[in-house]
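# Summary of structural features
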Amino acid sequence: MKNKIVTAMTTALVVGAASTTFAATNPFSDVPAGHWAYDAVTQLAADGIVEGYGDGTYLGNRNITRYEMAQMIAKAMAKNPTGSDKAALDRLAAEFSEELNNLGVRVSELEKYADKVKWTGEFRYRYISDRRDNVNGTKTKNNDDWVHFRLFPTAEVNDHWKLKARMTASYKMDEDNTGTFNLTYAFAEGTYDKFKLSVGKMPFYSNVDDGLVMDDFFSGAHKWKVNLEAGRWNLNDANDYIAANLADDTAANYQGAELSYDTGSKFMIGGSYKHFNSSGLKGAVGYNTKGKVQDDADIWSAAIGYNFDKNVKLFYSYAQNPTADDYNRAWTGQISYKGTTRKAKTWGAWAAYRYVGNNVAFMPTYDTYTKSSNKKGVEVGVNWAPLDNTLTSLQYFNGKTLETDKDTETLFARVSWFF
């Protein structure tokens, strides 16, 4: 079979072996023996899409170059294969598109030859140290260090619809365990002019208040612009206070709406409403009003933001849950300077005061809070990209717990590599 592959590739040299227009990337770099292209070529050769010399001669067991691979693909494209052969050739054409272009091969609408599924990803290490003073005079210290490997596939269905997903593998460094692997979310996203609709399990983020109330995932439907949402949310993902006191039903019915106005450069204002209903909330801390046990949570929030210039931004958001008697308010004020991208040497910093009650901030986005809400205090942080596609973050929180008014502090560090 290996000789068959070599023969198939050698035949392709008739397309333009004498050409002096080489690829911008090194045209003489070998395609590694373990590269997936060899399997694709094996399939095409077996199906007669790529043919060997008529006399059956071979050039021996040598490595193929990317330039030669592109010549072979160009010849095979002229046969217009169908089915699985077309799929294999589409993927090859996408991989070697730069070499094909430099060969002078015109690939009209190259996307039709491209792999319909595009992959991006992230590898991150996260460390959290959380310390609290207890009422009895003792101290509690929790350290966590996690490794996460995430893959983000996006599949093109047609001109209007895409499929998006996130797969996550996680394990704790200090335990050196096998970890977990799960499909974090998967949803279909449709775009029709200014109208967008998502259906499935998707990111659940309170855009207006910038994650003060929620940063998780829910199953249902989501419409953009005037954001309308409906579905189900797993209450086990809520902060530790809620999750530890659930009754029988751990899934809540959810409906929500957000409305915002953004000038695009200077000023932003908005408001939102979120309704949760589940008998599981009857067991959660604080869910009683005037002696009646509640199975509903009605959370509203408002926010305002102002950009003084391209570097300095001021933001304030407030949220309240009137169905809860205690710890039913949350608010944050933050000033930010600059900001990071995935481009090397970009950085940003911020300082904020946060007051986060557990019966309104169900799953806040703040890294120094993790799943432990119900505290107030000052947070400072800095993000820095030392290299392209490499992002680091260092954050520190110092304050008090709302239930005991005792000192608490959290140190958070993270480094992420994107690909």
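First, a word on what this report is: a plain description of the structure on this page. (Residues numbered from 1 in each chain as written. Predicted model: local features only at pLDDT ≥ 70, side-chain atom pairs only at ≥ 80, totals over all residues. Heavy atoms only, no water.)

### Quick look at the overall build of the protein
Looking only at helices and strands, the protein has six helices and 18 strands in total. The buried share among the 419 residues of the protein stands at 42%. Relative to all contacts within the protein whose residues are 6 or more apart in sequence, the contacts with residues 24 or more apart total 56%. Accessible surface computed for the protein: about 21,300 Å², of which carbon and sulfur atoms make up 55%. (Helix = DSSP H or I, 4+ residues; strand = E, 2+ residues; numbered from the N terminus. Buried < 20%, exposed > 50% of the residue type's maximum accessible area, 1.4 Å probe, protein only. Contact = heavy atoms within 4.5 Å. Areas by Shrake-Rupley, 256 points an atom, 1.4 Å probe, with all protein chains shown as cover.)

### Here's the deal with helix α3 (residues 66-77)
In an α-helix, one full turn covers 3.6 residues, which means residues spaced three or four apart are oriented alike. In a regular helix each residue adds 1.5 Å, so twelve residues correspond to 16 Å; α3 covers 16 Å between its end C-alpha atoms and thus fits that length. With eleven of twelve residues buried, α3 is to be regarded as a mostly interior element. If you check which residues of α3 are buried, you get Arg66, Tyr67, Glu68, Met69, Ala70, Gln71, Met72, Ile73, Ala74, Ala76 and Met77. (Expected span 1.5 Å × (residues − 1).)

### Focus on a positive patch on the surface
The grouping of Lys116, Lys118, Lys162 and Lys196 at the surface amounts to a positive patch. Mapped onto the secondary structure, Lys118 falls in strand β1 (residues 117-133). (Patch = residues over 30% accessible without salt bridge, like charges linked within 9 Å, V, L, I, M, F, W, Y side chains within 5 Å. Salt bridge = Lys/Arg side-chain N within 4 Å of Asp/Glu carboxyl O. Lys, Arg positive; Asp, Glu negative; His and termini not counted. Charge placed at Lys NZ, Arg CZ, Asp CG, Glu CD.)

### Digging into the packing of helix α2 (residues 36-46) against helix α4 (residues 83-95)
Where α2 contacts α4, the axes come no closer than 10 Å and their chain directions differ by 145 degrees. Crossing hand, α2 versus α4: left-handed. Contacts between α2 and α4 involve Trp36, Ala37, Ala40, Gln43 and Leu44 from the former and Ser84, Asp85, Ala88, Leu89, Arg91, Leu92 and Glu95 from the latter. Of the residues in the contact of α2 with α4, the class split is seven nonpolar, two polar and three charged. (Axes fitted to C-alpha atoms, helices over the stretch in contact; angles between N-to-C directions. Left-handed = near helix turned anticlockwise from the far one by under 90°. Nonpolar A, V, L, I, M, F, W, Y, C, P; charged D, E, K, R; others polar.)

### A short note on the nonpolar core
Counting residues in hydrophobic clusters, the biggest one holds 30 residues, and the most contacted among them are Phe204, Met214, Trp233, Phe276 and Phe362. Of all the secondary structure elements, the ones that give two or more residues to this core are β4 (180-192), β5 (195-205), β6 (215-223), β8 (251-262) and β12 (296-307). Ala76, Met77, Leu89 and Phe96 belong to the second-largest nonpolar core, a separate cluster that totals 22 residues. (Core = buried A, V, L, I, M, F, W, Y, C linked by side-chain atoms within 4.5 Å.)

### A word on the packing of aromatic side chains
Throughout the structure, instances matching the rule amount to 21 aromatic pairs. Taking 6.4 Å as the distance between ring centres and 50 degrees as the angle between the ring planes, the aromatic pair formed by Phe204 and Phe276 counts as tilted. One end of the pair, Phe204, is in strand β5; the other, Phe276, is in strand β9 (residues 267-277), with 72 residues separating them in the sequence. On the accessibility criterion, Phe276 (0% relative accessible area) is buried. Joined through ring pairs, the aromatic side chains of Phe204, Phe218, Trp233, Tyr254, Phe276 and Phe362 make up one cluster. The side chain of Arg342 reaches across the aromatic face of Phe418, ending 3.9 Å from its centre. Taking NZ or CZ as reference, Arg354 lies 3.9 Å from the ring centre of Tyr366, over its face. (Phe/Tyr/Trp six-rings, centres within 6.5 Å; stacked < 30°, edge-to-face > 60°. Lys NZ or Arg CZ within 6 Å of the ring centre and 35° of its normal.)

### Here's the deal with the environment of Lys116
Take Lys116: it is sitting in the loop between α5 (97-102) and β1. Measuring from C-alpha to C-alpha, the distance between Lys116 and Lys162 comes to 10.0 Å, with 46 residues separating the pair along the chain.

### A closer look at the pairing of strand β16 (residues 375-387)
Bridging between strand β15 (residues 347-356) and β16 involves ten bridges; their strand directions are antiparallel. Counted as the bridge partner of Ala349 is Val382 from β16. In the sheet, β16 pairs with strand β17 (residues 390-401) via eleven bridges, with the strands oriented antiparallel. Its bridge partner lying in β17, Val380 is registered against Tyr396. The turn joining β16 and β17, which pair antiparallel and follow one another in sequence, is formed by two residues; a positive phi near 60 degrees is taken by Asn389. (Pairing = 2+ DSSP bridges.)

### Things to note about a nonpolar patch on the surface
On the surface, a nonpolar cluster with roughly 840 Å² of combined accessible area is contributed by Tyr337, Trp347, Tyr353, Val378, Val380, Val382, Trp384, Leu394, Tyr396 and Leu411. For the nonpolar patch, the elements supplying multiple residues, two or more each, are β15, β16 and β17. The element contributing the most residues to the nonpolar patch is β16, with four residues. With respect to the helices and strands, the residue Leu394 is situated in strand β17. Residue classification places Leu394 among the partly exposed residues on the basis of a relative accessible area of 45%.

### Details of α4
For α4, spanning 13 residues, the distance from its first C-alpha to its last is 19 Å, which sits close to the expected 18 Å at 1.5 Å a residue. Looking at α4, one finds that the buried residues are Asp85, Ala88, Leu89, Asp90, Leu92 and Ala93. Those residues of α4 that are buried lie in contact with α2, α3 and α5.

### Points about unusual backbone geometry
If you check the backbone angles, Asp210 has positive phi at about 60 degrees while not being a glycine. Residue classification places Asp210 among the partly exposed residues on the basis of a relative accessible area of 38%. The backbone of Lys345 sits at a positive phi, close to 70 degrees, despite the residue not being glycine. By the secondary structure assignment, Lys345 is in the loop between β14 (329-338) and β15.

### Let's talk about the pairing of β15
With nine bridges joining them, β14 and β15 adopt antiparallel strand pairing. Looking across to β15, one finds that Ile335 is bridged to Ala351.

### So, the pattern of salt bridges
Applying the stated criterion to the full structure yields twelve salt bridges. With a closest N to O distance of 2.8 Å, Glu122 and Arg124 form a salt bridge. The class for Glu122 is buried, based on a relative accessible area of 4%. With relative accessibility at 14%, the residue Arg124 sits in the buried group.

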